[in-house]
Amino acid sequence: DQQVKQNSPSLSVQEGRISILNCDYTNSMFDYFLWYKKYPAEGPTFLISISSIKDKNEDGRFTVFLNKSAKHLSLHIVPSQPGDSAVYFCAASVRWYNNNDMRFGAGTRLTVKP
Amino acid sequence: IAGITQAPTSQILAAGRRMTLRCTQDMRHNAMYWYRQDLGLGLRLIHYSNTAGTTGKGEVPDGYSVSRANTDDFPLTLASAVPSQTSVYFCASSDRGGPTDTQYFGPGTRLTVL
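Throughout what follows, the structure given in this document is the object of discussion. (Residues numbered from 1 in each chain as written. Chains lettered and ligands numbered in written order. Predicted model: local features only at pLDDT ≥ 70, side-chain atom pairs only at ≥ 80, totals over all residues. Heavy atoms only, no water.)

**Here's the deal with the overall build of chain B**
Assigned secondary structure in chain B consists of zero helices and 11 strands. The order of helices and strands in chain B, counted from the N terminus, is β-β-β-β-β-β-β-β-β-β-β. In summary, chain B has a C-alpha radius of gyration of 13 Å against a globular reference of 13 Å for 114 residues, a match within 12%. If one aligns the C-alpha atoms of chain B with their principal axes, the spans along those axes are about 35 × 25 × 25 Å. Every one of the 114 residues in chain B was classed for burial, and the buried ones make up 49%. Intrachain contacts of chain B at a sequence separation of at least 6 include 56% that bridge at least 24 residues. Carbon and sulfur atoms make up 50% of the accessible area of chain B, which amounts to about 5200 Å² in all. The distance from the centre of the 10 positive side-chain charges to the centre of the 8 negative ones in chain B is 7 Å. (Helix = DSSP H or I, 4+ residues; strand = E, 2+ residues; numbered from the N terminus. Rg over C-alpha atoms; globule rule 2.2 N^0.38 Å. Buried < 20%, exposed > 50% of the residue type's maximum accessible area, 1.4 Å probe, protein only. Contact = heavy atoms within 4.5 Å. Areas by Shrake-Rupley, 256 points an atom, 1.4 Å probe, with all protein chains shown as cover. Lys, Arg positive; Asp, Glu negative; His and termini not counted. Charge placed at Lys NZ, Arg CZ, Asp CG, Glu CD.)

**Describing the packing of aromatic side chains**
Across all of its chains, the model carries 10 aromatic pairs over all chains by this definition. Their ring planes at 50° and their centres at 5.9 Å tell us that Y36 of chain A and F104 of chain A sit as a pair that is tilted. With Y36 of chain A in strand β4 (residues 32-38) and F104 of chain A in strand β10 (residues 103-104), this residue pair connects regions lying 68 residues apart in the sequence. Members of the aromatic cluster, each reached through a chain of ring pairs, are Y36, F46 and F104 of chain A together with Y33, Y35, F90 and F105 of chain B. (Phe/Tyr/Trp six-rings, centres within 6.5 Å; stacked < 30°, edge-to-face > 60°.)

**Some thoughts on the sheet that holds strand β7 (residues 64-66) of chain B**
What holds strands together in a sheet is hydrogen bonding between their backbones, with the strands either parallel or antiparallel. All names here are of chain B. The antiparallel open sheet is built from four strands, whose spatial order is β1-β3-β8-β7. The open sheet is flanked by β1 (4-7) and β7, the only strands paired with a single partner. On average, each strand axis in the sheet is tilted by 20° relative to the strand beside it, whichever way the strands run. By the bridge criterion, three bridges tie strand β3 (residues 19-25) to strand β8 (residues 76-78) in an arrangement that is antiparallel. Along β8, the bridge assignment pairs T20 with T77. (Pairing = 2+ DSSP bridges. Axes fitted to C-alpha atoms, helices over the stretch in contact; angles between N-to-C directions.)

**Quick word on the nonpolar core**
Note that soluble globular proteins tend to have their nonpolar side chains buried in a common cluster. Among the nonpolar cores identified, the biggest contains 24 residues, and F33, W35, L73, L75 and Y88 of chain A are the most heavily contacted of them. When residues of this core are traced back to their parent elements, those giving at least two are β3 (19-25), β4, β5 (45-51), β7 (62-67), β8 (72-77), β9 (86-93) and β11 (108-113) of chain A. The element that contributes the greatest number of residues to this core is β9 of chain A, accounting for four residues. I4, V60, V66 and A81 of chain B belong to the second-largest nonpolar core, a separate cluster that totals 19 residues. (Core = buried A, V, L, I, M, F, W, Y, C linked by side-chain atoms within 4.5 Å.)

**Quick word on the pairing of β5 of chain A**
Residue and element names in this part refer to chain A. Counting buried positions over the seven residues of β5 gives five, a clear majority of the element. Of the strand pairs in this sheet, β4 and β5 are connected by six bridges, and their pairing is antiparallel. Residue pairing in the sheet places K37 in a bridge with T45 of β5. In textbook terms, the turn of a hairpin is the stretch between consecutive antiparallel strands, and for β4 and β5 this stretch comprises six residues, one of which, A41, has a positive phi near 65°.

**A word on the sheet that holds strand β1 (residues 4-5) of chain A**
Residue and element names in this part refer to chain A. In spatial order, the strands read β1-β3-β8-β7-β6; together these five strands make up an open sheet with antiparallel pairing. Each end of this open sheet is capped by a strand with a single partner; those strands are β1 and β6 (56-59). Where β6 lies against β7, four bridges are found, and the strand directions are antiparallel. Residue pairing for β7: K56 is matched across the bridge by F65.

**Quick word on the environment of D95 of chain B**
Residues and elements named next belong to chain B. You can see D95 is positioned in the loop between β9 (87-94) and β10 (104-105). Under the relative-accessibility criterion, D95 is labelled partly exposed at 38%. Counting along the chain gives 44 residues from D95 to T51, while the straight-line C-alpha distance between them is 9.9 Å. Not counting chain neighbours up to four residues away, the residues in contact with D95 comprise H29, N30, A31 and D101.

Structure, rendered in structure tokens:
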């Protein structure tokens, strides 16, 4: 039972344009969300996070939007650069559980073409 | 450079054999984690440890065991490997543990069980 879903396995965009990666979740208890980025032959690295008390969090070229009613979040990358080409994982957890049960999506492979 | 190391990088193993995947971190993080990554499923937590001397079960713990004798090392053991344990295994660590703590991942171990 996948509680976090990334329905697009891949996405291709032109350099300089916006990349939008989507993530849906089914567990309404989730209240903390993260995005990780993974290059080939490396481990995932933390990119950006958002708690459920916010609907937007921005860090440079990366912005995460959260729509709690739709149980949907998205990662916007503007402008996209070739170095952004990687697999992006969405993850979710329940803060007040105070455990380590973070659920990940299957990932979306982003390709940014020069 | 500080970080997490994993060994081996890759391994082919006969079913029924015992295997220990090694993980060492030098960031003095309290919490450590083991995930497996399978195509279409994202990362799933196997076991975790919030501090030396303690361990806990994640989403998919069956067939795996861990120990945390000290802060730096967190080995994962497959007592009798089965083909369904073919996967890429990632070790991670975080400063405090818990659902909002940023996790730092190692480069992964690719394990094939025949």
